[in-house]
4 protein chains.
Amino acid sequence: MITIGVIGYGYWGPNLVRNFMETDGTTVSMVADLSEANLGKVRSRYPTIVTTRDHQDILRSAHVDAVAIATPVSTHFELALAALRAGKHVFVEKPMTQTSAQAHKLAGAVARHKRILMVDHTFIYTGAVRKMHELVSTRDLGEIYYYDSVRVNLGLFQHDVNVIWDLAVHDLTIMDFVLGRYPKIISATGTSHIEGQPEDVAYLTMLFDDALIAHVHVNWLAPVKVRYTLIGGSKKMIVYNDLEPSEKVKVYDKGVTLEKRPEAVYQMKVGYRVGDMWAPQLDPREALRVEAAEFARCIRDGVQPVNDVRAGVRIVRMLEAASKSLRQQGKPIQLKES
Amino acid sequence: MITIGVIGYGYWGPNLVRNFMETDGTTVSMVADLSEANLGKVRSRYPTIVTTRDHQDILRSAHVDAVAIATPVSTHFELALAALRAGKHVFVEKPMTQTSAQAHKLAGAVARHKRILMVDHTFIYTGAVRKMHELVSTRDLGEIYYYDSVRVNLGLFQHDVNVIWDLAVHDLTIMDFVLGRYPKIISATGTSHIEGQPEDVAYLTMLFDDALIAHVHVNWLAPVKVRYTLIGGSKKMIVYNDLEPSEKVKVYDKGVTLEKRPEAVYQMKVGYRVGDMWAPQLDPREALRVEAAEFARCIRDGVQPVNDVRAGVRIVRMLEAASKSLRQQGKPIQLKES
Amino acid sequence: MITIGVIGYGYWGPNLVRNFMETDGTTVSMVADLSEANLGKVRSRYPTIVTTRDHQDILRSAHVDAVAIATPVSTHFELALAALRAGKHVFVEKPMTQTSAQAHKLAGAVARHKRILMVDHTFIYTGAVRKMHELVSTRDLGEIYYYDSVRVNLGLFQHDVNVIWDLAVHDLTIMDFVLGRYPKIISATGTSHIEGQPEDVAYLTMLFDDALIAHVHVNWLAPVKVRYTLIGGSKKMIVYNDLEPSEKVKVYDKGVTLEKRPEAVYQMKVGYRVGDMWAPQLDPREALRVEAAEFARCIRDGVQPVNDVRAGVRIVRMLEAASKSLRQQGKPIQLKES
Amino acid sequence: MITIGVIGYGYWGPNLVRNFMETDGTTVSMVADLSEANLGKVRSRYPTIVTTRDHQDILRSAHVDAVAIATPVSTHFELALAALRAGKHVFVEKPMTQTSAQAHKLAGAVARHKRILMVDHTFIYTGAVRKMHELVSTRDLGEIYYYDSVRVNLGLFQHDVNVIWDLAVHDLTIMDFVLGRYPKIISATGTSHIEGQPEDVAYLTMLFDDALIAHVHVNWLAPVKVRYTLIGGSKKMIVYNDLEPSEKVKVYDKGVTLEKRPEAVYQMKVGYRVGDMWAPQLDPREALRVEAAEFARCIRDGVQPVNDVRAGVRIVRMLEAASKSLRQQGKPIQLKES
């Protein structure tokens with residue numbers, strides 16, 4: 001049984017406590033939060049959990065194996081580092097840190113203290129994303145041509161981070177997991193429409209070392225909610241609509257065929273192939289539940305998860321480079337994987 | 001009665017002939033095409049129309065008032081210039097020319113020969129686009145925040161132009177008409193996935209002299225057809241879905257409200273406003289029919305249309321700058337309006 | 001403060017307890033259920049609530065003002081009658097009783113004991129249904145032509161009642177409230193496809209004393225979920241799609257116009273009118289919360305609610321007649337309102 | 001080459017002429033219509049076709065092999081009978097006749113004169129309907145539970161027939177072909193809302209000799225266009241949405257599983273099975289083109305088509321019985337297949 005202490009019981013913390021309480025192999029023994037009201041909610045719902053306003057109580061507790069951090073992003077680095085130094089495994093909300101420098105330091109600490117660190121890239125544990133990962137990694141789609149994602153709606157204006165750090169982080173973690181590749185160049189454009197507030201609309205393009213192109217559109221000010229991803233491959237193509245109640249992932253047997261003879265190109269012989277569409281059954285389990293179980297398994301087996309500190313580094317570097325490009329009106333920025 | 005000679009009877013020419021034949025105030029007297037088979041189709045359908053393989057016959061004819069040009073884009077400039085020099089009014093397919101240098105020369109010729117020139121930006125004559133133009137120009141939407149358009153599907157690979165010149169040209173003409181504003185900076189990214197072929201996926205961002213941002217996503221290799229535009233304003237927002245059979249334009253009474261007091265910003269008082277949605281009735285007439293009648297009216301009244309040679313110049317400059325940015329992996333390019 | 005005792009803590013009971021606990025003006029003091037496990041859930045969540053396996057404890061309690069009944073339908077009549085006789089107000093799940101004879105007796109008891117009885121026709125307290133009621137009762141739709149509703153999906157096979165009593169009851173309560181009229185004739189067809197189980201597909205038609213026609217399609221075995229209602233009026237028409245996340249009610253300014261001159265009919269002068277579509281903003285509050293507050297208000301003010309025992313009688317009579325017709329392969333059955 | 005004379009060049013006749021002209025193996029030599037204007041359209045478009053105001057000219061012509069009848073339904077019987085007597089094969093619009101008595105006489109004449117008669121049940125030649133026929137007849141869906149179809153919109157008010165004869169005829173022909181079974185009992189309800197006009201809303205239920213149930217909803221006064229069919233089977237289920245541009249037929253691997261042990265029924269062990277969804281590629285050819293080629297093949301090979309005079313009889317009997325039931329407020333009417 002992995003015993004977990006949770007720091008932060010605001011918006012996302014209650015989901016962590018519920019899932020770590022209900023997952024076989026994990027339990028929550030302590031919750032820390034600065035707000036006494038939040039701690040009251042914990043006690044009335046989970047009488048067995050010890051509550052505290054001082055997160056150090058968790059770090060000092062000998063009974064706590066792992067610390068889950070669900071606090072504002074500006075505190076992630078310090079808290080995660082302290083937890084590692086206290087010998088705890090770490091489950092930390094995304095984005096992992098505010099800067100890539102912090103991310104690298106955290107990667108060093110993970111290696112040094114030989115602890116498990118999982119960044120909460122929840123989406124990669126959904127049935128839909130795992131199915132897309134499978135279809136891409138088995139090369140069912142053929143060579144990947146493009147990855148295009150839209151994530152927009154009217155809602156939940158953030159004040160401390162812009163729309164890239166708030167929304168695009170989801171698309172980048174999904175893309176990173178599904179494609180398993182890292183871009184060479186990132187560019188981003190965006191603007192802010194509310195005085196004194198961060199950018200609320202942004203567009204990111206990522207270029208790779210071949211013809212693959214990826215793009216993310218995020219917007220806090222859209223009149224409708226859209227969660228729509230297109231993945232084009234040489235053999236098949238995917239439409240992933242996260243708002244569909246039942247068929248979130250559709251696989252199209254569509255594509256372009258090109259006669260490879262030089263004279264054919266000259267003669268413009270591009271053909272179209274149209275076949276069946278197929279919506280595979282998806283694992284309906286709550287992503288966070290699957291992720292919690294995987295965290296426990298990683299600790300037990302002493303292996304880092306797929307959403308490990310290196311994944312956290314990759315995502316933070318992309319976010320940082322995108323924000324830099326955005327400030328320069330879309331100037332392309334070179335990325336290095338490590 | 002305006003008598004028109006049509007040059008080119010391939011893909012689009014038949015639509016021009018049909019509309020100019022059926023519009024009050026216009027008629028077609030001659031059609032030129034290099035293909036005898038195409039000319040045979042003209043004669044069997046319209047026995048009164050004279051056909052020729054030499055477009056000079058049209059330019060020389062004293063009975064022809066105006067020339068409609070529906071030939072490959074590489075020939076637009078020469079044909080339009082020759083028609084103006086022959087004293088004819090000109091109706092020319094989009095994009096107007098292959099380069100902005102040509103576009104400027106054509107603008108000079110229009111002024112010099114005092115003829116009407118209309119670029120066939122068909123979409124701006126649809127009921128949907130005219131309604132959006134009305135809603136923006138009456139300031140019903142308030143200040144415009146963003147213009148976002150997606151135009152993708154699997155289809156009709158072009159070999160002589162890339163996807164920007166083929167598809168984004170529609171979005172740029174619609175945006176130019178609806179917003180009535182011209183960007184300061186354009187950037188574009190895109191790649192080609194079929195060896196030896198032009199770019200099949202592209203993303204364009206346009207920045208203006210305030211917080212307005214515009215973006216266009218075009219793709220020849222998508223498994224599904226999407227024609228979807230979002231326009232965000234400070235008061236209202238529009239969703240324009242051209243594939244909807246009946247309610248193509250939806251106006252949302254949604255937005256963000258900000259208390260303007262400095263302390264409010266500090267206290268992060270961004271509120272959301274949600275109200276009714278409204279789908280106005282749209283003029284159902286065929287756009288090309290409306291446009292043909294407008295062409296006749298402009299000639300009769302001696303006034304240039306809204307889609308005049310200057311509109312043609314604006315669009316070609318954007319296309320040219322976008323292609324230039326695309327070749328430099330998205331480097332932002334400065335635009336000047338004139 | 002209205003103090004409520006809840007009988008039944010299975011599928012729906014927890015919703016009643018939560019809402020009566022959180023609504024201003026109501027509280028829950030006791031919960032009865034035959035299952036000790038269910039009562040344990042009550043106690044861990046609401047330590048202040050007294051639990052019992054004997055519902056008589058609630059009826060006998062002097063502190064209980066009203067009884068909420070969320071037990072199987074076969075027990076509704078006895079429990080509601082006993083509660084009225086014990087001087088309690090009653091909130092009872094739908095359908096109110098198993099037979100119309102029971103329903104009439106309950107109406108008599110309500111009158112005799114001068115208590116408030118509310119049948120839990122939850123849907124009529126949704127923002128969508130209240131908006132439709134408003135549009136019909138203000139005659140914005142003109143004369144009502146038809147009411148058509150589809151409620152189908154794969155799910156939750158009931159064993160004690162057929163699909164009419166399980167699903168059509170929702171449509172009948174919505175229709176009864178929105179139209180404010182009662183049919184003269186009801187017919188129903190349906191079949192069972194699972195051996196030994198009740199009918200899983202059914203169609204109901206209701207005819208009124210004019211040209212109004214109503215129809216309900218319910219199905220437990222459909223591959224997709226559909227909740228779709230059409231209401232046609234002489235002036236306007238409504239599409240109510242309960243699965244739409246934001247625009248559940250759409251009002252179409254569409255209709256038929258008929259020139260009333262006799263010769264016009266002869267000359268077949270039926271015209272079509274097409275105008276704007278409009279999706280009004282709807283009250284987003286949880287229906288059961290609104291309903292709970294209304295129950296409290298009715299008790300305080302001594303007035304019966306719109307979903308009173310007479311509404312319960314009307315619905316049960318329709319369900320009973322529909323089941324009778326179904327057994328006779330759709331034979332039309334006469335209905336009397338009282 | 002089958003030479004065809006077409007009687008009637010109003011709404012549908014032009015489609016017949018175009019398809020019989022363009023199909024290999026058929027040609028049109030004559031067209032008859034009472035309107036000189038309509039005949040003028042024929043001549044300008046097809047200079048080789050002889051036109052006449054007297055359909056007898058077609059029946060008398062020795063060069064005409066087959067007669068296509070696209071006139072008002074009240075004239076179908078007389079014209080088809082006369083054509084058969086003149087030794088011509090017959091292609092006749094649906095519904096085949098106005099009464100089942102006429103339909104039976106026509107069946108006798110077909111047998112007597114040994115000619116081919118095809119009723120224009122166009123929909124059964126679409127790729128979508130042929131695919132559904134294939135899925136049902138190969139028993140991929142298992143035992144068929146229900147067939148449910150909705151065909152509604154605002155449009156094209158008919159004055160000589162009610163909405164059943166105008167719209168439900170499509171659903172009945174599709175159902176007849178896809179299921180390959182004939183109902184035992186039909187009932188229908190419906191009303192008219194425009195004074196002096198036929199019923200504009202109607203509902204039909206058909207019961208079979210097992211638990212199969214079929215239902216059709218047709219409506220001329222709906223604010224939106226719906227063409228939606230559900231077919232439920234014990235193994236799989238179909239959603240056929242004719243308005244979908246690309247995936248009209250979706251096959252769901254969903255269903256109910258029942259443990260057959262008596263004690264299981266008692267213990268209410270109904271389970272749900274949920275699997276993949278699959279949208280097969282459909283033949284995109286125009287249905288009327290496929291049908292025209294099949295008409296030619298049947299004549300050449302001397303075989304009756306699937307949509308032969310017996311199919312015509314079956315459909316007319318259902319329409320007639322439905323109208324009879326409708327006049328009796330939904331009274332169930334017994335049907336006999338022959």
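Residues numbered from 1 in each chain as written. Chains lettered and ligands numbered in written order. Predicted model: local features only at pLDDT ≥ 70, side-chain atom pairs only at ≥ 80, totals over all residues.

A. Highlighting the overall build of chain A. Each helix and strand in chain A was counted, giving ten helices and 15 strands. Its C-alpha atoms give chain A principal-axis dimensions of about 75 × 45 × 40 Å. Per-residue burial over chain A gives 53% buried out of 338 residues. A separation of at least 24 residues holds for 68% of the contacts in chain A among residues at least 6 apart in sequence. (Helix = DSSP H or I, 4+ residues; strand = E, 2+ residues; numbered from the N terminus. Buried ≥ 20, exposed ≤ 12 C-beta atoms within 10 Å, placed from the backbone. Contact = placed C-beta atoms within 7 Å.)

B. Geometry of the relation of the copies chain C and chain D. Overlay of chain C on chain D (RMSD 0.1 Å): rotation 180°, translation along the axis 0.0 Å. Taken together, these values place the two copies in the relation of a two-fold axis. Measuring from the rotation axis to each C-alpha of chain C, the shortest distance belongs to Lys-331 of chain C, at 2.6 Å. Take the interface residues of chain C: 98% of them recur as interface residues in chain D, which is what a same-surface contact looks like. (Least-squares fit on C-alpha atoms with pLDDT ≥ 70 in both.)

C. Main features of the sheet that holds strand β6 (residues 117–120) of chain C. Residues and elements named next belong to chain C. Here six strands make up an open sheet; going across it, the order is β3-β2-β1-β4-β5-β6 and the pairing parallel. Because the sheet does not close on itself, it has two edges, and the strands there are β3 (50–52) and β6. Ignoring which end each strand starts from, the neighbouring axes of this sheet average 25° apart. (Pairing = 2+ DSSP bridges. Axes fitted to C-alpha atoms, helices over the stretch in contact; angles between N-to-C directions.)

D. Quick peek at the pairing of strand β7 (residues 144–154) of chain C. Residue and element names in this part refer to chain C. In terms of residue burial, β7 counts as a mostly covered element, since ten of its eleven residues are buried. Strand direction decides the pairing type here: β7 and strand β11 (residues 221–233), joined by nine bridges, are antiparallel. Counterpart to Arg-151 in the pairing with β11 is Arg-227. The sheet contact formed by β7 and strand β10 (residues 213–219) spans seven bridges and is parallel. Note that in β10 the partner of Val-150 across the bridge is His-217.

E. Summary view of the interface of chain C and chain D. The interface of chain C with chain D comprises 44 residues on the first partner and 43 residues on the second. When contributions to the side of chain C that touches chain D are tallied by element, the ones reaching two or more residues are β7, β8 (185–191), β9 (201–207), β10, β11, β12 (237–241), β13 (249–258) and β14 (270–279) of chain C. Ranked by residue count, the leading element in the side of chain C that touches chain D is β11 of chain C, at six residues. A per-class count over the side of chain C that touches chain D returns 26 nonpolar, 15 polar and three charged. (Nonpolar A, V, L, I, M, F, W, Y, C, P; charged D, E, K, R; others polar.)

F. Focus on the environment of Gln-329 of chain D. Locating Gln-329 of chain D in the fold gives a position in the loop between α10 (309–327) and β15 (333–334). Judged by C-beta crowding, with 19 C-beta atoms within 10 Å, Gln-329 of chain D ranks as partly exposed. Residues Gln-329 of chain D and Thr-3 of chain D, spaced 326 residues apart in sequence, show a C-alpha to C-alpha distance of 47 Å. Leaving out residues up to four positions away in the same chain, Gln-329 of chain D has contacts with Ile-185, Leu-207 and Pro-332 of chain C together with Thr-189 of chain D.

G. Local environment of unusual backbone geometry. Here Lys-94 of chain B and Pro-95 of chain B are connected by a cis peptide whose omega angle stands at -10°. With respect to the helices and strands, the residue Pro-95 of chain B is situated in the loop between β5 (89–93) and α5 (100–113). The phi torsion at Arg-139 of chain A lies on the positive side, around 65°, for a residue other than glycine. Structurally, Arg-139 of chain A can be placed in the loop between α6 (127–137) and β7 (144–154).

H. Expanded view of α5 of chain B. All names here are of chain B. Across its 14 residues, α5 extends 20 Å between first and last C-alpha, which sits within 8% of the 20 Å expected from 1.5 Å per residue. Where α5 is concerned, the buried positions are Ala-103, Leu-106, Ala-109 and Val-110. What you see down the axis of α5 is that its buried residues fit within an arc of 120°, all on one side. Projecting away from the buried face of α5 at angles above 90 degrees are the exposed residues Ala-101, Gly-108 and Arg-112. Positioned one or two residues after α5, Lys-114 has a phi angle of 50°, which is positive. (Expected span 1.5 Å × (residues − 1). Arc of directions from axis to C-beta.)

I. View of helix α7 (residues 163–179) of chain A. Residues and elements named next belong to chain A. Relative to the 24 Å expected for 17 residues at 1.5 Å per residue, α7 spans 23 Å between its end C-alpha atoms, a close match to the ideal helical length. At Val-169, α7 shows its maximal bend, which comes to roughly 40°. With 17 of its 17 residues buried, α7 lies for the most part within the structure. Where α7 terminates, the next one or two residues include Gly-180, which has phi positive at roughly 65°. (Bend = angle between axes of the 7 residues up to and from the residue.)

J. Highlighting the confidence of the model for chain A. This prediction gives chain A a mean pLDDT of 94; 95% of its residues lie at or above 70. Here the predicted complex scores 0.93 on pTM and 0.93 on ipTM. (pLDDT = per-residue confidence, 0-100.)

K. Up close: the domain arrangement of chain A. All names here are of chain A. Taken domain by domain, chain A comprises domain 1 (2–115) and domain 2 (124–285 + 318–334). Its C-alpha centre places domain 1 at a distance of 31 Å from the equivalent point of domain 2. Contacts between domain 1 and domain 2 engage seven residues on the former and seven residues on the latter. In the side of domain 1 that touches domain 2, the residues fall into three nonpolar, three polar and one charged. (Domains from an automatic or database assignment.)

L. Structural detail: the sheet that holds strand β6 (residues 117–120) of chain B. All names here are of chain B. Pairing is parallel across the open sheet formed by six strands, whose spatial order is β3-β2-β1-β4-β5-β6. Each having just a single partner strand, β3 (50–52) and β6 make up the two edges of the open sheet. Neighbour-to-neighbour, the strand axes of this sheet turn through a mean angle of 25°, independent of strand direction. The pairing of β5 with β6 spans four bridges and is classified as parallel. Residue Val-92 lies in a different strand from β6, and its bridge partner there is Val-119. In the packing of helix α1 (residues 13–22) onto the sheet, the strands contacted are β1 (2–7), β2 (26–32) and β4 (66–69), and the crossing angle to β2 comes to about 150°.

M. Seen up close, the packing of helix α5 (residues 100–113) of chain D against α10 of chain D. All names here are of chain D. For the pair α5 and α10, interaxial distance at closest approach is 9 Å and the crossing angle is 170°. Here α10 runs roughly antiparallel to α5, going by the angle between their axes. Residues Ser-100, Ala-103, His-104, Leu-106, Ala-107 and Val-110 of α5 touch α10, and the partners they reach there are Val-309, Arg-310, Gly-312, Val-313, Val-316, Arg-317 and Glu-320. Residues belonging to the contact of α5 with α10 are distributed by class as follows: seven nonpolar, three polar and three charged. (Parallel < 35°, antiparallel > 145°, perpendicular 65-115°, else oblique.)

N. The pairing of strand β1 (residues 2–7) of chain A, seen in detail. Residue and element names in this part refer to chain A. Among the six residues of β1, five are classified as buried, and the element is accordingly described as predominantly covered. Bridge analysis of β1 against strand β2 (residues 26–32) gives six bridges, and the strand direction is parallel. What sits directly across from Ile-4, in β2, is Val-28.

O. Molecular detail of the packing of helix α7 (residues 163–179) of chain D against α10 of chain D. Residues and elements named next belong to chain D. Taken N-terminus to C-terminus, the directions of α7 and α10 make an angle of 130°; their axes are 10 Å apart at the nearest point. The orientation of α7 relative to α10 falls into the category oblique. Relative to α10, α7 is oriented so that their crossing is right-handed. Here Ile-164, Trp-165, Val-169, Leu-172, Thr-173 and Asp-176 of α7 come into contact with α10, specifically with Ala-311, Arg-314, Ile-315, Met-318, Leu-319, Ala-322 and Ser-323. Its residues assigned to classes, the contact of α7 with α10 shows nine nonpolar, two polar and two charged. (Left-handed = near helix turned anticlockwise from the far one by under 90°.)

P. Examining the environment of Arg-18 of chain B more closely. For Arg-18 of chain B, the position within the fold is in helix α1. Given 17 C-beta atoms within 10 Å, Arg-18 of chain B falls into the partly exposed group.

Q. Structural context of the environment of Glu-244 of chain C. Residue position: Glu-244 of chain C is located in the loop between β12 and β13. Put simply, Glu-244 of chain C and Tyr-228 of chain C are 16 residues apart on the chain and 9.8 Å apart in space, counted from C-alpha to C-alpha.

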